[in-house]
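Observations on the model geometry
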Amino acid sequence: MQFLGHIVRFIVSAIVLMVVGFIVPQFSVGGFWSALFLALVIAALGWIIEGIFGKRVTPFGRGIVGFLASAAVIWIAQFIVGGVSVTWLGAILAALVIGIVDLFIPTPYDAGRKQESRD
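As a starting point, this report considers the structure included with it. (Residues numbered from 1 in each chain as written. Predicted model: local features only at pLDDT ≥ 70, side-chain atom pairs only at ≥ 80, totals over all residues. Heavy atoms only, no water.)

Quick look at helix H2 (residues 32–53)
- Relative to the 32 Å expected for 22 residues at 1.5 Å per residue, H2 spans 31 Å between its end C-alpha atoms, a close match to the ideal helical length.
- Looking one or two residues beyond H2, the residue adopting positive phi is Gly-54, at roughly 95°. (Helix = DSSP H or I, 4+ residues; strand = E, 2+ residues; numbered from the N terminus. Expected span 1.5 Å × (residues − 1).)

Let's talk about the packing of aromatic side chains
- Applying the stated criterion across every chain yields a total of three aromatic pairs.
- Ring centres of Trp-75 and Phe-79 lie 4.9 Å apart, and the angle between their planes is 85°; on these two criteria the pair is classed as edge-to-face.
- On the basis of relative accessibility, which here comes to 24%, the residue Trp-75 falls in the partly exposed class.
- Both rings, one in Trp-75 and one in Trp-88, keep their centres 4.6 Å apart while their planes meet at 15°; by these two values the pair is stacked. Of this pair, Trp-75 sits in helix H3 (residues 64–77) while Trp-88 is found in helix H4 (residues 88–104), placing the two residues 13 residues apart along the sequence.
- Chaining the aromatic ring pairs together yields one cluster made of Trp-75, Phe-79 and Trp-88. (Phe/Tyr/Trp six-rings, centres within 6.5 Å; stacked < 30°, edge-to-face > 60°. Buried < 20%, exposed > 50% of the residue type's maximum accessible area, 1.4 Å probe, protein only.)

Rendered as structure tokens:
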């Protein structure tokens, strides 16, 4: 059942990236498949950065370093995924919008982290 949750999360992330592409200037995603692949690449790059630098650098570390790391991951992902075009300003704005969306749409990862902090 957890595998299905991950699939749903990536589909929701792809939809959010498509919406962000409509809202944010200088950030464009070619279509759903590009957005889905972009969500996978962003997750993989985030996982790698978290493994190298620790949790304080991830968006879940909250703060300016996590925010800038998110923008850098979004900007770097454009070179891996076809159909995606992002400028630095677009990456920063996209990281801001995605962060705001994450506040209102909790994910299973966020819920697990909140449970860990209570223990």
